[in-house]
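Tertiary structure, described
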Amino acid sequence: MALFDLTLPELRTYRSTAPAPEGFDGFWERTLDEARAAAKPVELAEVPTPLCGITTYDVTFSGFAGQPVKAWLNVPAGAPGPLPLAIEFIGYGGGRGLPIDWLLWNAAGYAHLVMDTRGQGGNWRGGDTPDRDLDGAGPSAPGFLTRGARSPETHYYRRLFTDAARAVETAAELPGVDTSKLVTTGKSQGGALSIAAAGLLPDRVAAVVAGVPFLCDIRRAVTISDSFPFQEIVQFLRANPEKAARTFATLDHFDVVHLARRIAAPALFSTALMDTVCPPSGVFAAYNELTGPKEIEVYEWDGHDGGRSFFDVKALEFAASVLRL
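What counts, and at which threshold
Residues numbered from 1 in each chain as written. Predicted model: local features only at pLDDT ≥ 70, side-chain atom pairs only at ≥ 80, totals over all residues. Heavy atoms only, no water. Salt bridge = Lys/Arg side-chain N within 4 Å of Asp/Glu carboxyl O. Helix = DSSP H or I, 4+ residues; strand = E, 2+ residues; numbered from the N terminus. Buried < 20%, exposed > 50% of the residue type's maximum accessible area, 1.4 Å probe, protein only. Axes fitted to C-alpha atoms, helices over the stretch in contact; angles between N-to-C directions. Left-handed = near helix turned anticlockwise from the far one by under 90°. Contact = heavy atoms within 4.5 Å. Nonpolar A, V, L, I, M, F, W, Y, C, P; charged D, E, K, R; others polar. Pairing = 2+ DSSP bridges. Phe/Tyr/Trp six-rings, centres within 6.5 Å; stacked < 30°, edge-to-face > 60°. Lys NZ or Arg CZ within 6 Å of the ring centre and 35° of its normal.

Remarks on the pattern of salt bridges
Inspection of every chain in the model, using the stated rule, returns 24 salt bridges. When the shortest N-O distance is used, the salt bridge between glutamate 153 and arginine 30 registers 2.6 Å. Of this pair, glutamate 153 sits in the loop between strand 5 (111-115) and helix 4 (156-171) while arginine 30 is found in helix 2 (residues 24-37), placing the two residues 123 residues apart along the sequence. For arginine 36, the salt bridge identified is with aspartate 33, shortest N-O distance 3.1 Å. Of this pair, arginine 36 and aspartate 33 both sit in helix 2, three residues apart, roughly one helical turn. Here aspartate 33 falls in the partly exposed class, since its relative accessible area comes to 45%. Because the salt bridges share partners, they merge into one network encompassing Arg118, Asp131, Arg147, Arg159 and Asp163.

Okay, here's the thing in structure tokens:
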């Protein structure tokens, strides 16, 4: 690894030059309205585990177009409610795994909702939610960045961003939760979803934690990163050069820089200056659009591990401070 992006002083003032696409707000308002109209009541089923200090529920909620999405809800056993809730989203290729994978926020006294990632879970942690692809989505490179790239309506991340927003709305239906103390959190793709959910529902989220977030300043990231997943776009356009303009016009709808500017809640980001997977200029492009109180942890010598447990400690301290726990 090596330093490859802008210098830190340049990053602190960097702004993306990509404007939000025309009709961006209306696109998302319509998408969420359709999902809400198709939603069914959330389903909870307690799951036995060896974790005597945690009560676990298998959750099924309605995401994009009312489609079922799985999640885990871990709650500190016997803790008096209502509890603050951390809503966690997962990195690229991973699914919800097992309840024992998710104990950090419980140990800090939170209820913890972990959203499964539709269609993912075949890489480093298993998943349980299929992706009901839309007809006519067209060709794509392996992975998810170009799946349905022919239009914003068919793109994979339209479905996943909607799932993330619906996970936040579902939190209001969960027993024993203080809905005034909802935190969105995640790293990499999970960090992007944390930003997206908070940007789509700015009145619902009290704090945002986004570690080395993905999907920031996509047009620039594709030109400076030799790493996957952004290389999926390069791979796809090498085979389909005539689709470049349409592909980027589609991806603009899922660049979280445009959703970050809608967030007024306190936010904590992290970035790593040697991170070629989620370049620091993209992270700063999103961070610099935030309008509320904000902090960013910069790890000069890290790559995409982005602070590791050091950032986890910062995240818990930040959330406790914001929520006055």
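Some words on the packing of helix 2 against helix 4
Following both chains from N to C, one finds helix 2 and helix 4 inclined at 60°, their axes separated by 10 Å at the closest point. The chirality of how helix 2 crosses helix 4 is right-handed. Where helix 2 abuts helix 4, its residues Phe27, Trp28, Arg30, Thr31, Leu32, Glu34, Ala35 and Arg36 lie against Tyr157, Arg158, Phe161, Thr162, Ala165, Arg166 and Glu169. Looking at the contact of helix 2 with helix 4, its residues break down into seven nonpolar, two polar and six charged.

Examining the sheet that holds strand 3 (residues 68-76)
Strand order across the open sheet formed by nine strands is 1-2-3-5-4-6-7-8-9, with mixed pairing between neighbours. Across the chains shown, the open sheet's two edge strands, defined by having one partner strand only, are strand 1 (43-47) and strand 9 (294-299). With direction set aside, neighbouring strand axes in the sheet form an average angle of 20°. Where strand 4 (residues 83-89) and strand 6 (residues 177-187) come together, six bridges link them in parallel fashion. Within the sheet, the bridge partner assigned to isoleucine 87 lies in strand 6 and is threonine 184. Lying over the sheet, helix 5 (residues 189-200) contacts strand 4, strand 5, strand 6, strand 7 (207-211) and strand 8 (267-272), oriented at roughly 145° with respect to strand 6. Packed on one face of the sheet, helix 11 (residues 308-323) meets strand 4, strand 6, strand 7, strand 8 and strand 9 and runs near 170° to strand 7.

Topic: the side chain of threonine 185
With respect to the helices, strands and loops of the structure, threonine 185 is situated in strand 6. Non-local contacts of threonine 185, meaning those with residues more than four positions away in its chain, are made with Ala86, Ile87, Glu88, Phe89, Trp105, Gly190, Ser194 and Val209.

Let's talk about the packing of aromatic side chains
What the rule picks out here adds up to 14 aromatic pairs. Between tryptophan 105 and tyrosine 110, the aromatic rings sit 4.9 Å apart at their centres with planes inclined by 90°, giving edge-to-face as the arrangement. For tyrosine 110, a relative accessible area of 1% translates into the label buried. Aromatic pair phenylalanine 144 and tyrosine 156: ring centres 4.8 Å apart, planes at 40°, arrangement tilted. Here tyrosine 156 lies in helix 4 and phenylalanine 144 lies in the loop between strand 5 and helix 4, a separation of 12 residues in the sequence. Each member of the pair, phenylalanine 144 as well as tyrosine 156, is classed as buried. Here the aromatic cluster, defined as three or more aromatic residues joined through ring pairs, consists of Phe27, Trp28, Tyr92, Phe144, Tyr156, Tyr157, Phe161, Phe214, Phe230 and Phe254. The lysine or arginine in question, arginine 220, covers the ring of tyrosine 14, its NZ or CZ lying 5.5 Å from the ring centre.

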